[in-house]
Amino acid sequence: MPLASLGLALPAATESENTDFGPLVRPAAERLAVADQVAAAKYESGDPVEAPAREREVLAEVSEHAERAGLDPAVATEVFRDRIEANKLVQRCLISRWESGTTAPPRGHPDMDDVRDRTDEINQGLLDTLLGTKSVRHDPGCRAELTRTSIRAASRLDALHARALGRGLHSVCR
């Protein structure tokens, strides 16, 4: 589901935002929008945010794909572990808001099979991007450029999603 349909739209990148890190930051932000859908489904079902079996499954798939693609599986796993933690941050916060009555809970919930399909698609794109940005992720200016790109993206997000975006990109630079 596109970000726009979730109220978290990131407009198309402007020429000044077309950096080497744009392709990493945009799917990370999009994945956080999917975290809203996961939170809604878990809230509705009463399932816990923590899903260790699913996390192990995702990380194993990431590691296998990374190795086949020529990307260091340890690096890919670390990046995806950070993304998982960022998504759990969003889920916990949203569910807490809904349970406390701070904000109204969503009406209905998404189909988890559709959500997983979208998540898998986003994950595949990020793995491909990690492989394609290997040299810039090892560059001494990586952290500064990633921060600049993240700040531009985060300026279009609410505080929760902006904080989670930073958490989810923590291990991108080597």
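Preceding block: the structure.
Anyway, here's the lowdown on the structure attached to this text. (Residues numbered from 1 in each chain as written. Predicted model: local features only at pLDDT ≥ 70, side-chain atom pairs only at ≥ 80, totals over all residues. Heavy atoms only, no water.)

What follows covers the packing of aromatic side chains. The full count for this structure, using the stated rule, is one aromatic pair. Ring geometry for Y43 versus W98: centroids 5.3 Å apart, planes at 70°, classification edge-to-face. Here the residue Y43 occupies a position in helix α1 (residues 22-45), and W98 occupies one in helix α3 (residues 73-100), the gap between them amounting to 55 residues. Looking at Y43, the relative accessible area reads 28%, which means it is partly exposed. You can call W98 buried: its relative accessible area is 10%. Taking NZ or CZ as reference, R83 lies 5.3 Å from the ring centre of F80, over its face. (Phe/Tyr/Trp six-rings, centres within 6.5 Å; stacked < 30°, edge-to-face > 60°. Helix = DSSP H or I, 4+ residues; strand = E, 2+ residues; numbered from the N terminus. Buried < 20%, exposed > 50% of the residue type's maximum accessible area, 1.4 Å probe, protein only. Lys NZ or Arg CZ within 6 Å of the ring centre and 35° of its normal.)

What follows is about helix α6 (residues 142-154). The first and last C-alpha atoms of α6 sit 18 Å apart over 13 residues, in line with the 18 Å expected at 1.5 Å per residue. Looking at α6, one finds that the buried residues are C142, L146, T149, S150, A153 and A154. One face of α6 carries all of its buried residues, which in axial projection span an arc of 135°. For α6, the elements touching its buried residues are α1, α5 (134-137) and α7 (159-168). (Expected span 1.5 Å × (residues − 1). Arc of directions from axis to C-beta. Contact = heavy atoms within 4.5 Å.)

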